[in-house]
Amino acid sequence: MESHVSHRERLWLYSLVGLVLFFLVAPAIIVIPVSFSSTMAMSFPPSGWSLRWYESFFQQEKWIGALWVSLRVAFGTMILTTIVGVAASYALNQGRFGLRNLIRTTLVAPLAVPAILIAVGVFFIYAALGNMLNTIWGLILGHSVVAMPFVILTMTAGFNSYDASQEMVARSLGANRLKAFLTVTLPQLKFSVATSMLLSFLISFDELIISLMVSSGPMSTLPRVTFATLRDDVDPTLAAASSLMLVVTSLPPLILHLLSMRAARKEGRDAG
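A brief look at the structure comes next. (Residues numbered from 1 in each chain as written. Predicted model: local features only at pLDDT ≥ 70, side-chain atom pairs only at ≥ 80, totals over all residues. Heavy atoms only, no water.)

### Topic: the overall build of the protein chain
- Each helix and strand counted, the protein chain has 12 helices and zero strands in total.
- The order of α-helices and β-strands along the protein chain, N terminus first, is α-α-α-α-α-α-α-α-α-α-α-α.
- For the protein chain, the spread of C-alpha atoms along the principal axes amounts to about 70 × 65 × 30 Å.
- When contacts within the protein chain are restricted to residue pairs at least 6 apart in sequence, long-range pairs at least 24 apart make up 68% of them.
- Averaged over its 18 positive side-chain charges, the protein chain has a centre that lies 9 Å from the centre of its 13 negative ones. (Helix = DSSP H or I, 4+ residues; strand = E, 2+ residues; numbered from the N terminus. Contact = heavy atoms within 4.5 Å. Lys, Arg positive; Asp, Glu negative; His and termini not counted. Charge placed at Lys NZ, Arg CZ, Asp CG, Glu CD.)

This is the structure:
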């Protein structure tokens, strides 16, 4: 018989989890009040409050240009990896060919390879091609290498939890494979697709190592400009840039989580 453990007896566990979460989250949260400081030095807590560093961010071409490059590259990476990743996951799930496991392992292999090695390899390939360095497409393809494994893993989990016989029924009623996939399979995997899109966007938006190797000047991404500013000339505008990056990388996952919880509750009420 299982014994009931009260919340009071678990208080030590709650405290430990709270301390771990605070240790992980505090460094990211501290940068937000620092970005509203009125002084030239980055200090915590701020001695005064001001929006001057956000004004500086939006008035400097290097920051706005880098933000625009990062958004374009992140959206391009999201579209490319989602389309290719969903198609590849579908083929690997439905196919019965001999190299299926080898192909899946190859697609997720970048997770086990240090990012610097991938960046060096991408740099030499682009240098050999001669026209891929400092281009949007070069950044998109490079970021897609590190984002693709997350799409493959997410969609593989989605396809494994999906009853493929539903698509077979649609095809037996006259729908071709593409129509059956688009009208029957894909709508039921919408949250897996949305998660894949979100992950690939965030990974690309935060990617630094590949961006350092294959971009510079007007093609610099926001993480690259942030790193260069932190290395060469510490500017409190860094705090504003970091806060904006934190919002971009934190708010969409929270919204997706709330939407998925709402959909789960709705499905539970409909089932009941």
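There's more to say after this.
### Let's talk about the packing of aromatic side chains
- Evaluation of the coordinates by the stated rule reveals six aromatic pairs.
- Ring centres 6.0 Å apart and planes at 10° place the aromatic pair Phe201 and Phe205 in the stacked group. In this pair, Phe201 and Phe205 both sit in helix α9 (residues 190-206), four residues apart, roughly one turn of the helix. The residues Phe201 and Phe205 share a single accessibility class, namely buried. (Phe/Tyr/Trp six-rings, centres within 6.5 Å; stacked < 30°, edge-to-face > 60°. Buried < 20%, exposed > 50% of the residue type's maximum accessible area, 1.4 Å probe, protein only.)

### Comments concerning unusual backbone geometry
- Even without a glycine there, the phi angle at Asn134 is positive, about 55°.
- Owing to a relative accessible area of 36%, Asn134 belongs among the partly exposed residues under this scheme.

### Here's the deal with helix α5 (residues 115-129)
- In this model α5 runs 21 Å from its N-terminal to its C-terminal C-alpha over 15 residues, within 8% of the 21 Å that 1.5 Å per residue would give.
- Every buried residue of α5 is accounted for by Ile118, Ala119, Val122 and Tyr126. Within α5, the buried residues cover an arc of 95° as seen down the axis, which keeps them to one side. Along α5, the residues that are exposed and aim more than 90 degrees away from the buried face are Leu117, Phe124 and Ala128.
- Buried residues in α5 make contact with α6 (136-160) and α10 (209-214). (Expected span 1.5 Å × (residues − 1). Arc of directions from axis to C-beta.)

### Looking at the packing of helix α3 (residues 61-94) against α9
- Running from amino to carboxyl end, α3 crosses α9 at an angle of 140°, the nearest separation of the two axes being 8 Å. When the axis of α3 is compared with that of α9, the two are oblique. Two packed elements cross with a definite hand, and for α3 against α9 that hand is right-handed. When α3 is examined against α9, the residues Leu67, Ser70, Leu71, Val73, Ala74, Phe75, Thr77, Met78, Thr81, Thr82 and Val86 are found in contact with a partner set consisting of Val193, Ser196, Met197, Ser200, Phe201, Ser204 and Phe205.
- Along the lines of polarity and charge, the residues of the contact of α3 with α9 split into 11 nonpolar, seven polar and no charged. (Axes fitted to C-alpha atoms, helices over the stretch in contact; angles between N-to-C directions. Parallel < 35°, antiparallel > 145°, perpendicular 65-115°, else oblique. Left-handed = near helix turned anticlockwise from the far one by under 90°. Nonpolar A, V, L, I, M, F, W, Y, C, P; charged D, E, K, R; others polar.)

### Some remarks on the side chain of Ser144
- Within the secondary structure, Ser144 is located in helix α6.
- Looking at Ser144, the relative accessible area reads 8%, which means it is buried.

### Notes on the side chain of Thr221
- Position of Thr221 among the secondary structure elements: in the loop between α10 and α11 (222-232).
- Ignoring any residue separated from it by four or fewer positions in sequence, one finds Thr221 in contact with Ala66, Val69, Ser70, Leu139, Glu207, Ser211 and Ser215.

### Quick look at the nonpolar core
- Val69, Val73, Ile136, Ile210 and Val214 are the most contacted members of the largest nonpolar core, which totals 16 residues.
- Contributions of two or more residues to this core are made by α3, α5, α6 and α10.
- When residues of this core are assigned to their parent elements, the largest contribution, five residues, is made by α6.
- Sequence-distant contacts of Ile136, that is, excluding residues within four places in its chain, are made with Val69, Arg72, Val73 and Met219. (Core = buried A, V, L, I, M, F, W, Y, C linked by side-chain atoms within 4.5 Å.)

### Regarding a nonpolar patch on the surface
- A contiguous nonpolar patch, built from Leu11, Trp12, Leu13, Tyr14, Leu16, Val17, Val20, Leu21, Phe23, Leu24, Val25 and Ile29 and spanning about 1200 Å² of accessible area, is present on the exposed surface.
- Inspection of the secondary structure puts Leu24 in helix α1 (residues 11-35). (Patch = residues over 30% accessible without salt bridge, like charges linked within 9 Å, V, L, I, M, F, W, Y side chains within 5 Å. Areas by Shrake-Rupley, 256 points an atom, 1.4 Å probe, with all protein chains shown as cover. Salt bridge = Lys/Arg side-chain N within 4 Å of Asp/Glu carboxyl O.)

### A closer look at the packing of helix α2 (residues 52-59) against α3
- For the pair α2 and α3, interaxial distance at closest approach is 5 Å and the crossing angle is 70°. Considering the angle they form, α2 stands roughly perpendicular to α3. Mapping the contact onto sequence places Phe57, Phe58 and Gln59 in α2 and Glu61, Trp63, Ile64 and Leu67 in α3.
- A class-by-class count of the residues in the contact of α2 with α3 yields five nonpolar, one polar and one charged.

### With respect to the environment of Val17
- With respect to the helices, strands and loops of the structure, Val17 is situated in helix α1.
- Each C-alpha atom, one on Val17 and one on Ser216, is 41 Å from the other, the two residues being 199 residues apart in sequence.

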